[in-house]
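Summary of structural features
Spelled out from the first residue to the last, the chains are:
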Amino acid sequence: MLAGEGAFAAALPLVIGPWSDTFHTPLGRRRPFMLVALGPLAFCLALLGFMPSLWTIALVVFAFFFAYYVYEPPYRGLYPDLLPEEVYGRSQSVQHVFRGIAIGGALIAGGVLFHVWEPWPFLVAAIVVTFACGAPIVLLREDGGHGRVFEGVGAYLRRSWRVLRCENDVRTFLIANTAWEGTFAGMRTFVVLYVTVGLGQPLGTTTSLLGVVAGGYVVAALVSGPLGDRFGLARVILLCSIVYGSGLLLGGTATRWHAWYLPLVFVVAIAGGSVMTLAWGLLFKLMPPEERGAIAGLATTTKGLGLIVGPLVAGAAIDLSRSTFPETHGYQVVWPILGLPILLVTPLVARLMRAEAAAVVRSG
């Protein structure tokens, strides 16, 4: 059910992204989509706590995914629309700091609220989402107009395909982003099982490990943006990718848990968090202004592909490796499998360093 998110992420942004480029209304181009999605987002979250069966939960979750991927591509497109290029890195740092706070707060508060009354986490989430996602709709201003607002689904799909075919630097980024998102999705799916089943550790160890990862993620969000704006986003991503991918490869050698792993995990988490934090900022620099919505949609589609492929490949590798790595029931293979794509796309990131420098020169 949760893996179904990948299908929505892969399909919807191909239409919503380029549509938001041509949606010239008095409210602007991006915010009308966000406004339309806001009500269903909150409504689906509020309903989830009261669903009587798995099938009704699935229907509501899929409706939530649909609304979410109507909201996200235009929201992403607002960043390069409204911000100067010299703060793209820092803007993503701020966004990821809030993201880390939100994830940590939800994991802690969600469990507490669930024990008080099962529907509470969903009702509170609906309220938070209404205010948080409604704020940019109310507070931001973008250029409006009265042009044509719908060119047809086929036209938008062809536009996305044209961007993918003609924009070489964007295509290079999308290939790298698929690897980054696939690795992240695979780790998110199997990290708890690796610790509890593969290494036979109690949930307390998992909590400590996830706390260290979250701490590294927040540190990455705080420092990577300013570093990227100063030294180049692609350069910082390249250096962090080497640490990130190498750390995951080394993770495949562990068959027993040791507390001294935590500092190493912290370093790898900072590197991985920096890659994920700066990725969109780099894409913003590579976007032609007239294609920002379409490219944001394509980038969100690569996230969907990662959500689908990453967990499937990692899960298949675990199943095939159970007899080869009986000490961890095959789970240790997940780290080299997920680390390899990060290292394989580093030549592409090196190429994007030159593209970023050229984009900076063009922007003056």
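The text that follows walks through the structure, step by step, so that each part is easy to find. What you see is a predicted model; the values in this text were computed from it and never measured.

Rules and cut-offs
Residues numbered from 1 in each chain as written. Predicted model: local features only at pLDDT ≥ 70, side-chain atom pairs only at ≥ 80, totals over all residues. Heavy atoms only, no water. Salt bridge = Lys/Arg side-chain N within 4 Å of Asp/Glu carboxyl O. Helix = DSSP H or I, 4+ residues; strand = E, 2+ residues; numbered from the N terminus. Buried < 20%, exposed > 50% of the residue type's maximum accessible area, 1.4 Å probe, protein only. Contact = heavy atoms within 4.5 Å. Phe/Tyr/Trp six-rings, centres within 6.5 Å; stacked < 30°, edge-to-face > 60°. Axes fitted to C-alpha atoms, helices over the stretch in contact; angles between N-to-C directions. Parallel < 35°, antiparallel > 145°, perpendicular 65-115°, else oblique. Arc of directions from axis to C-beta. Core = buried A, V, L, I, M, F, W, Y, C linked by side-chain atoms within 4.5 Å.

**Brief notes about the pattern of salt bridges**
Under the definition given, this model contains 13 salt bridges. Here D229 makes a salt bridge to R90, at a shortest N to O gap of 2.9 Å. Taken together, the positions of D229 in helix α9 (residues 203-231) and R90 in helix α5 (residues 88-116) put the pair 139 residues apart, joining distant regions of the chain. The shortest N-O distance in the salt bridge between K285 and E356 comes to 3.0 Å. Here K285, found in helix α11 (residues 261-286), pairs with E356, found in helix α14 (residues 346-363); they are 71 residues apart in sequence, far enough to count as distant. Residues K285 and E356 agree in their burial class; the two are buried.

**Some details on the environment of L307**
Assignment of secondary structure puts L307 in helix α12 (residues 292-320). As a C-alpha pair, L307 and D81 span 226 residues in sequence and 27 Å in three-dimensional space. L307 has contacts with E5, G6, A9, Y69, A185 and R188, leaving out every residue within four places of it along the chain.

**A closer look at the packing of aromatic side chains**
Taken as a whole and assessed by the stated rule, the structure comprises 20 aromatic pairs. Relative to F65, the ring of F8 lies with its centre 6.2 Å away and its plane at 50°, an arrangement referred to as tilted. You can see F8 sitting in helix α1 (residues 5-11) and its partner F65 sitting in helix α4 (residues 54-82), a full 57 residues away along the chain. Exposure remark for F8: the relative accessible area of 21% places this residue in the partly exposed category. Geometrically, the ring pair formed by W280 and F284 is tilted, given 6.0 Å between the ring centres and 55° between the ring planes.

**Observations concerning the packing of α5 against helix α6 (residues 120-139)**
The geometry of a pair of packed helices is captured by two quantities: the angle between their axes and the separation between those axes. In the contact formed by α5 and α6, the axes pass within 7 Å of each other and the chain directions differ by 130°. Classified by the interaxial angle, the pair formed by α5 and α6 is oblique. On α6, the residues that touch G110, L113, F114 and V116 of α5 are W120, P121 and V124.

**Overview of the environment of Y217**
Of note, Y217 is situated in helix α9. Each C-alpha atom of the pair Y217 and E327 lies 30 Å from the other, and the pair is 110 residues apart in sequence. Among residues more than four places away in sequence, those in contact with Y217 are H96, R99, G100, A269 and G273.

**Structural notes on helix α13 (residues 334-344)**
Where α13 is concerned, the buried positions are V334, W335, L338, G339 and I342. Along the long axis of α13, the arc covered by the buried residues comes to 110°, so they all point the same way.

**Observations concerning the nonpolar core**
F173, W180, Y244, L282 and L283 are the most contacted members of the largest nonpolar core, which totals 58 residues. At the level of elements, α8 (168-198), α10 (233-251), α11, α12, α13 and α14 are the ones that each hand at least two residues to this core. Of the residues forming this core, the biggest block, twelve residues, is contributed by α11. Not counting residues up to four positions away in its chain, the partners in contact with W180 are F173, I237, S241, V275, M276, A279, I342, V345 and V349. By size, the runner-up hydrophobic cluster in this structure holds 23 residues, among which are V60, F64, A126 and C133.

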